[in-house]
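Working through the structure, step by step
Each chain, written out:
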Amino acid sequence: MAVGSASLLRAGFVLLMAAHVLQSVSACNRVYYERMINDFCLAKFKFDMGGLEQGLWCSWPDTMEIYEGLTNCTYQVALRMDCFWPNQIVDRFFMQVHRLYFHNCALTGRLLHDPPISILAPFIAVPVLITLLMTALVVWRSKRTEGVL
């Protein structure tokens, strides 16, 4: 973990602990929770994603650890602030993250492309050959007048 990331993490946990002490025991402060995940979790996520080449943002193996860190951060903040998790704030938060960082990614994490020609050719050639063969058979059979009175 980078030195800047570690100090950011420590500062965030200090803020979380202060928020936990100041907050009432019985309720979740939704506005403060939303501000904390944006200021703390999203800031760390942006820092980590900034260290990753933008072309790798759609690669799940490359972003999995960063994304899991973001998920865990939102959970830990909710836990310390006595908020339910997941909730509507987290849903909107992750929709925003996906809209900003993963909007060009395919659902599977890979860009879609045509199969290789060695696989595609038989799926094209076989129906074409069967159609030509059946057409030739019908024409040949219609020219034969055997047994017709």
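Anything mentioned here points back to the structure above.
First, a word on what this report is: a plain description of the structure on this page.

What counts as what
- Residues numbered from 1 in each chain as written.
- Predicted model: local features only at pLDDT ≥ 70, side-chain atom pairs only at ≥ 80, totals over all residues.
- Heavy atoms only, no water.
- Helix = DSSP H or I, 4+ residues; strand = E, 2+ residues; numbered from the N terminus.
- Buried < 20%, exposed > 50% of the residue type's maximum accessible area, 1.4 Å probe, protein only.
- Contact = heavy atoms within 4.5 Å.
- Areas by Shrake-Rupley, 256 points an atom, 1.4 Å probe, with all protein chains shown as cover.
- Salt bridge = Lys/Arg side-chain N within 4 Å of Asp/Glu carboxyl O.

Quick look at the overall build of the chain
In terms of helices and strands, the chain carries five helices and zero strands. Scanning the chain from its N terminus toward the C terminus, one meets helices and strands in the order α-α-α-α-α. Taking all 149 residues of the chain together, the buried fraction comes to 23%. Considering only residue pairs separated by 6 or more positions, the chain has 73% of its internal contacts joining residues 24 or more positions apart. Accessible surface, the chain as shown: approximately 11000 Å² in total, 67% of it carbon and sulfur.

Details of the pattern of salt bridges
On inspection of all chains with the given rule, the structure shows one salt bridge. Between Asp 48 and Lys 44 there is a salt bridge, with its nearest N and O atoms 2.7 Å apart. Of this pair, Asp 48 and Lys 44 both sit in helix H2 (residues 30–50), four residues apart, roughly one helical turn.

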